[in-house]
Amino acid sequence: MPKRISVVLSQGQSHNPEKRHLEENLVAALLMEQGVDVTVIPHLYDLPPDGTGMLALQNIGGDMIVLSWLYPRAARWVLDRNHIRGHEGVTLLKGLGEDDEDEDEAEAAAADDDKERVIDTRPTPPRKIYCFDLRAYNDANVYVEEIRRIVRENATPLVQLTGWLGGSPKNGESLQRFIEPKNDAYVGAPPKPAEPEGNGEDSQAHHAPQVVRIEENAGRRWYPVIDYSRCTNCMECIDFCLFGVYGVDGVETILVEQPDNCRKGCPACSRVCPENAIIFPQHKTPAIAGAPAEVGGMKIDLSVLFGAPETKESAVDAAVRERDEQLLLAGRSAVGAAVGIARRQASRAPEPRDELDDLLDKLDALDL
Ligand code: SF4
Ligand code: SF4
């Protein structure tokens, strides 16, 4: 019998009635489901790292399903930045821009090189985190059906969790929370735990569904999110950013240290990252916002998509211009390409037009 699973619903930033309608339909439908607990939070990306919403997510133990108005990749790495980690749960639902099994093949191809990625160097707790993009379907039943499938098919044997001792600065505490999940991060009185009807898993899986709503005044934020499954820790982003956003942790791994130093609306460093590992989840360009590396069944060179199609600039030219604009807005001097331009990007010679250019023209026409 499956154990309970936590479903997190991240609300949209705006009060768009269609979005609210889908969100409320989802909550109403999930209230009827056995085996799930529901937590409703403000927009995941906007949550302050030490606020009530993020603390509530950190206190969730076991498998987790996150429904948000973000690309799943973006949602996953926002969680990771806040020490909410786990193995990527496989969903049967297609996301925006995903195309059948080609996505898996593309991801496998991306991973099939000899570069060491940051994700290879650190432990991952034995839990699964599933991320769904609410923009993909406007029918709540589609998500509920998939959640039912996950609840049926997945359980996280607690015994496995005792083997995990890393990945969070609060290791001992985190482990204990995985073993004995508790929701104690709420303002005011915490929700009353359901009374067990017995001692076995059946009672755990069948007590009444809970819905916890986290009310938090989270203003809109803008900051980069690193995809550590791509990042090679090359440090080119820290050299490029002149606003002190990036730093390193105790083992010299790149991190977004001062996210709110980032200049609102500017995605410059994402354009110069050699691994296309930097995500700005709210950017209008899908590749920068965390879209899959797959369009129409073809794996494409994302680095080309990181240019600025509206100005026909290359990725590096656009990044230099955007950084200079932000320096001037901040009352500082422009530096052009003289500072922190990635070695790989700077040495790249102009290439003759080829089939990829033709493909990109077609993608432009699709308004991706
Ligand atoms: S530039 Fe990209 S790959 Fe290099 S450290 Fe920064 S995020 Fe990682
Ligand atoms: S977008 Fe600009 S300010 Fe923000 S992290 Fe990147 S380089 Fe720094």
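Definitions and limits used
Residues numbered from 1 in each chain as written. Chains lettered and ligands numbered in written order. Predicted model: local features only at pLDDT ≥ 70, side-chain atom pairs only at ≥ 80, totals over all residues. pLDDT = per-residue confidence, 0-100. Contact = placed C-beta atoms within 7 Å. Near = placed C-beta within 6 Å. Nonpolar A, V, L, I, M, F, W, Y, C, P; charged D, E, K, R; others polar. Helix = DSSP H or I, 4+ residues; strand = E, 2+ residues; numbered from the N terminus. Expected span 1.5 Å × (residues − 1). Buried ≥ 20, exposed ≤ 12 C-beta atoms within 10 Å, placed from the backbone. Arc of directions from axis to C-beta. Core = buried A, V, L, I, M, F, W, Y, C linked by C-beta atoms within 7 Å. Domains from an automatic or database assignment. Pairing = 2+ DSSP bridges. Right-handed = clockwise from strand over helix to strand, strands pointing away.

## Description of the confidence of the model for the chain
Summary statistics for the chain give a mean pLDDT of 79 and a share of 68% for residues scoring 70 or more. Segment residues 156-205 is flagged for pLDDT under 50; beyond a separation of four residues in sequence, or across chains, it makes 75 contacts in the model. Note that residues 295-301 has pLDDT below 50 and, in this model, 15 contacts with residues that lie over four places away or in other chains.

## Describing the site of ligand 1
Taken together, 14 residues sit near ligand 1, with Cys231, Cys234, Glu236, Cys237 and Cys273 positioned nearest. For the shell around ligand 1, a count of residues per class yields ten nonpolar, two polar and two charged.

## Description of helix H5 (residues 140-153)
With 14 residues, H5 extends 20 Å from end C-alpha to end C-alpha; this agrees with the ideal 20 Å at 1.5 Å per step. Among the residues making up H5, those that are buried are Ala140, Tyr143, Ile147, Ile150 and Val151. Buried residues of H5, viewed axially, fall in a sector of 100°; they line one side. Residues of H5 that are exposed and point more than 90 degrees away from the buried face comprise Asn141, Arg152 and Glu153. Contact partners of the buried residues in H5: strand S1 (5-10), helix H1 (17-31), strand S2 (36-41), strand S3 (64-68) and strand S5 (128-133).

## Brief notes about unusual backbone geometry
Backbone geometry places histidine 83, a non-glycine residue, at a positive phi of 65°. With respect to the helices and strands, the residue histidine 83 is situated in the loop between helix H3 (72-81) and strand S4 (87-88). Judged by C-beta crowding, with 15 C-beta atoms within 10 Å, histidine 83 ranks as partly exposed. Here methionine 235, not a glycine, exhibits a phi torsion of approximately 75°, which is positive. Position of methionine 235 relative to the elements: it lies in the loop between strand S7 (225-226) and helix H9 (236-240). Overall, methionine 235 belongs to the partly exposed group, with 14 C-beta atoms counted inside 10 Å.

## Here's the deal with the site of ligand 2
Surveying the vicinity of ligand 2 reveals the residues Pro224, Phe240, Cys241, Phe243, Val245, Cys262, Arg263, Cys266, Pro267, Ala268, Cys269 and Arg323. Residues belonging to the shell around ligand 2 are distributed by class as follows: ten nonpolar, no polar and two charged.

## A closer look at the nonpolar core
The biggest cluster of nonpolar side chains holds 72 residues, and the ones touching the most others in it are Val7, Val8, Ile65, Val66 and Leu67. Formed jointly, this core draws a minimum of three residues from each of two domains, domain 1 (5-213) and domain 2 (233-274 + 301-365). Filtering out sequence-adjacent residues up to four positions away, leucine 67 remains in contact with Val7, Val8, Leu9, Ser10, Leu26, Phe132, Leu134 and Tyr143.

## Notes on the pairing of S2
Within S2, six of the six residues are buried, which leaves it mostly tucked inside the rest of the structure. Taken together, the six bridges between S1 and S2 define a ladder with parallel strand orientation. Within S2, the residue paired with serine 10 across the bridge is isoleucine 41. Regarding topology, H1 serves as the crossover connection from S1 to the parallel S2, and that connection is right-handed. As judged from the four bridges shared by S2 and strand S6 (residues 210-213), these two strands associate in the parallel manner. Across the sheet, residue aspartate 37 finds its bridge partner in S6, namely glutamine 210.

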